[in-house]
Amino acid sequence: MNLLSELKAIEGEFERDTKAVTQLSVDAVETMRIAYLGRKGKVTAALEKLRDCPKEEKPAAGKASNELKKKIEAWIQDNLKAAEGAELEASLSQTMLDISLPVGGTLPSGSLHPVTIMRRDLLKEFRRLGFTVYDGPEIDYDFYNFKSLNFPDDHPARDMQDTFYVNKEKQLLLRTHTSNIQVHCMLNEKPPLRIVAPGRVFRCDSDPTHTPMFHQIEAFVVDRGVTFAHMKGVIDTFMKGIFGSSMKTRLRPSFFPFTEPSAEMDLMCVHCSGKGCRLCKMTGWLEVGGCGMIHPNVFEAVEYDSELYSGFAFGFGIDRMAMLKYKIQDLRQLFEGNYPFLGQFPVQA
Ligand code: 2NL
């Protein structure tokens, strides 16, 4: 048998073999490749015989063997692709992808800072009572922090020892209370106003019970006919909302430059419920903030008619409130960034 007819026979076998493949798979294609084009494959063997082939048969046999090789290679390429696609399809349809598996189970979720939790709780209660949250600058001019709030030019709070000045000539300072927000608010808006202003404040002070930065929240109301009785009612309702309906509040006469009359704001001791303990120094009360009727000079500074309008303001420290609510002993723990300490507070969304 000459090489040409041998190649014809191989081609016939190949045709039969391809038809015999009923289950197309990567393995089946590879078996075909090895049988025909592998090192000991039928076509490979035929190509080796080409060398010893009679001269006159060579051109036709060479052409035929090349064509057969190309034909088989093309079949392998096409069917390998098809087989791979089919096998991927089959494995995907058999593998269940469980998208309901929870991902958060073992991941640490962190928690909010106690001051953040307290501020959110306080603002929520203020909003419930109809107050709007207002913000203002932490760096401000003397006018907004002191002058407009009826602080005399020689008031000790203005001293370099008590206030951080950013630029003394330009009278630029770090606000010492959140009241500057309310001055900006009154200049930007018109009565009636029911505003709550939370924020960071700064004072040159550092000892076991004072940090140079702390947090305040102040609420104020300006409208026609606002009285001291309204203020007492709002303070009492607010504190009952935060600490529960058995909370009691008390006002004692005091002095602030921006209010007249002014009062200290006391809470029934959260530790002994007013019976007297070490925390309240046996008084049953804890001083938490200040309040009063807005001074006519403050209204004059923002060009509000103090004959037409009256208002009250009250404020307290958010940090102090967080310490009372979460029974934190040392104020400085709030600002040390100690994770074991901070991780103890409830996680909220
Ligand atoms: C505090 C704050 C007080 C005010 C704050 C206030 C603000 C304006 C006008 C009048 Cl714009 N008053 N705020 C008034 C009285 C007391 O105390 O945190 N004390 C510990």
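Starting afresh in each chain, residues are numbered from 1 along the sequence in its written order. Given that this is a predicted model, residues contribute local features only at a pLDDT of at least 70 and side-chain atom pairs are listed and counted only at 80 or more, while totals for whole chains, interfaces and linings are drawn from all residues. To get the side-chain values, all heavy atoms of the structure are used, and hydrogens and water are removed first.

Undergrad: Report on the overall build of the chain, specifying residues and quantitative values.
TA: The number of helices and strands found in the chain is 11 helices and 10 strands. Overall, the C-alpha framework of the chain stretches about 125 × 50 × 40 Å when taken along its three principal axes. Here the term buried applies to any residue with accessible area under 20% of the maximum for its type, exposed to any over 50%, and partly exposed to those in between, with areas from a 1.4 Å probe on protein chains only. Relative to its 349 residues, the chain shows a buried fraction of 40%. Relative to all contacts within the chain whose residues are 6 or more apart in sequence, the contacts with residues 24 or more apart total 66%. The chain carries 43 positive and 46 negative side-chain charges, and their two centres are separated by 5 Å. Numbering of helices and strands runs from the N terminus, with a helix taken as a DSSP run of H or I at least four residues long and a strand as a DSSP run of E at least two residues long. Working rule for contacts: check all heavy atoms of both residues, and any pair within 4.5 Å makes them a contact. Residues scored as positive are Lys and Arg, those scored as negative are Asp and Glu, and His as well as the terminal groups of each chain are ignored. Every charge is mapped to an atom, namely NZ of Lys, CZ of Arg, CG of Asp or CD of Glu.

Undergrad: If you had to explain the site of the ligand to someone new, which residues and values would you point to?
TA: As a matter of local geometry, the ligand sits amid 16 residues, with Gln-216, Glu-218, Phe-258, Gly-290 and Ala-313 nearest to it. Between Phe-316 and the ligand, the recorded distance is 3.5 Å, taken from a backbone N or O atom to an oxygen atom. For the ligand, the accessible surface in isolation is 480 Å², of which the surrounding protein chains cover 89%. Mapped onto the shell around the ligand, the elements with two or more residues apiece are helix H7 (179–188), strand S6 (213–223), strand S9 (285–294) and strand S10 (310–317). The element that contributes the greatest number of residues to the shell around the ligand is S9, accounting for 4 residues. Classifying every residue of the shell around the ligand by side-chain character gives 8 nonpolar, 7 polar and 1 charged. Proximity criterion: a residue is near a molecule or strand once any of its heavy atoms comes within 4 Å of it. In protein, a polar contact means a hydrogen-donor-capable atom and an acceptor-capable atom, both N or O and within 3.5 Å, with residues adjacent in sequence counting only if both atoms are side-chain atoms; elsewhere, any N or O pair within 3.5 Å suffices. Here the open area of atoms and residues is found with the Shrake-Rupley method and a 1.4 Å probe, where only the protein chains shown may cover a residue. Gly is put with the polar residues, along with every residue not named as nonpolar or charged; the nonpolar set is Ala, Val, Leu, Ile, Met, Phe, Trp, Tyr, Cys and Pro, and the charged set is Asp, Glu, Lys and Arg.

Undergrad: Requested: an account of H7, with residues and values cited.
TA: Most of H7 is tucked away, with 8 of its 10 residues classed as buried. Those residues of H7 that are buried are in contact with strand S2 (139–141), helix H6 (142–145), strand S5 (193–202), S6, helix H9 (296–301) and S10.

Undergrad: Can you lay out the packing of helix H2 (residues 26–37) against helix H4 (residues 58–94) for me, pointing to particular residues and giving the numbers?
TA: A pair of packed helices is captured by two measures, namely the crossing angle of their axes and the spacing between those axes. Interaxial distance between H2 and H4 falls to 8 Å at its minimum, and their mutual angle equals 165 degrees. What the angle tells us is that H2 and H4 run roughly antiparallel. For the crossing formed where H2 meets H4, the hand is left-handed. The segment H2 lies against H4, with Val-26, Val-29, Met-32, Arg-33, Tyr-36 and Leu-37 engaging Lys-69, Ile-72, Glu-73, Trp-75, Ile-76, Asn-79, Leu-80, Ala-83, Glu-84 and Glu-87. A class-by-class count of the residues in the contact of H2 with H4 yields 10 nonpolar, 1 polar and 5 charged. In this description, a line fitted to the C-alpha atoms serves as the axis of each element, helices being fitted only across the stretch in contact, and the angle between N-to-C directions of two axes falls anywhere from 0 to 180 degrees. For classification, angles of less than 35 degrees are called roughly parallel, those exceeding 145 degrees roughly antiparallel, those between 65 and 115 degrees roughly perpendicular, and all remaining angles oblique. Crossing chirality is assigned from the near helix's rotation relative to the far helix, an anticlockwise turn below a right angle marking it left-handed and a clockwise turn marking it right-handed.

Undergrad: Can you explain the sheet that holds strand S3 (residues 165–167)? Please cite residues and give values.
TA: DSSP calls a pair of strands paired once it identifies at least 2 bridges connecting them. Pairing in this open sheet of 3 strands is antiparallel, and the strands run S2-S4-S3 from one edge to the other. Of all strands in the sheet, those with a lone pairing partner are S2 and S3, marking the two edges. Shown here is a sheet whose adjacent strand axes are inclined to one another by a mean of 35 degrees, direction ignored.

Undergrad: Would you mind going over the packing of aromatic side chains in detail, with residue names and values included?
TA: Centres within 6.5 Å are what make two rings of Phe, Tyr or Trp a pair, Trp counting through its six-membered ring; a difference in plane orientation under 30 degrees is then read as stacked, over 60 as edge-to-face, and the rest as tilted. This structure, assessed with the given rule, holds 16 aromatic pairs. Ring geometry for Tyr-304 and Tyr-309: centres 6.3 Å apart, planes at 55 degrees, overall tilted. Looking at Tyr-304, the relative accessible area reads 10%, which means it is buried. Look at Phe-341 and Phe-345: their rings are 5.3 Å apart centre to centre, the planes differ by 70 degrees, and that puts the pair in the edge-to-face class. The exposure classification of Phe-341 matches that of Phe-345, with both residues buried. Lysine and arginine charges are scored as sitting over a ring when NZ or CZ, respectively, is within 6 Å of the ring centre and within 35 degrees of the ring normal. The aromatic ring of Tyr-165 is capped on one face by Lys-168, whose charged end is 4.1 Å from the ring centroid.

Undergrad: Residue-level account of a nonpolar patch on the surface, with values.
TA: The grouping of Tyr-141, Phe-143 and Leu-187 at the surface amounts to a nonpolar patch, some 270 Å² of accessible area in total. Within the secondary structure, Leu-187 sits in helix H7. Of the residues examined, Leu-187 reaches a relative accessible area of 39% and is grouped as partly exposed. Each patch is built from residues that are more than 30% exposed by relative accessible area and take part in no salt bridge. Like charges join if they lie within 9 Å; nonpolar side chains (Val, Leu, Ile, Met, Phe, Trp, Tyr) join within 5 Å. By convention in these notes, a salt bridge is any Lys or Arg side-chain nitrogen within 4 Å of a carboxyl oxygen on Asp or Glu.

Undergrad: Any chance you could break down the sheet that holds S9 for me, citing the residues and the numbers?
TA: Sheets are built from strands paired through backbone hydrogen bonds, the pairs being either parallel or antiparallel. Ordered in space as S1-S5-S6-S10-S9-S8-S7, the 7 strands form an open sheet in which the pairing is mixed. Of all the strands in the sheet, just strand S1 (132–133) and strand S7 (249–256) have a single pairing partner and so form its edges. Two elements, strand S8 (residues 259–268) and S9, share 8 bridges in a ladder whose sense is antiparallel. Note that in S9 the partner of Glu-264 across the bridge is Gly-290. Of the strands in this sheet, S5, S6 and S10 touch H7, which is tilted by about 35 degrees from S6. Sitting on the sheet, helix H8 (residues 228–243) is in contact with S7, S8, S9 and S10, with an inclination near 30 degrees to S10.

Undergrad: Could you give me a rundown of the pairing of S9, with the residues and numbers involved?
TA: S9 sits mainly inside the fold: 8 of its 10 residues count as buried. Pairing of S9 with S10 involves 5 bridges; the strand directions are antiparallel. Residue pairing for S10: Gly-290 is matched across the bridge by Gly-315.

Undergrad: Quick rundown of the pairing of S8? Include the residues and the values.
TA: Burial runs high along S8: 8 of the 10 residues are buried. Taking the residues that link successive antiparallel strands as the turn, the S7-S8 hairpin has 2 residues.

Undergrad: How would you explain the environment of Ile-294 if you had to name every residue and give the values?
TA: As for its position among the elements, Ile-294 is in strand S9. In this structure, the C-alpha to C-alpha distance between Ile-294 and Glu-260, residues 34 residues apart in sequence, is 6.4 Å. Beyond its immediate sequence surroundings of up to four residues, Ile-294 is in contact with Phe-220, Val-221, Val-222, Phe-258, Thr-259, Phe-299, Gly-311, Phe-312 and Ala-313.

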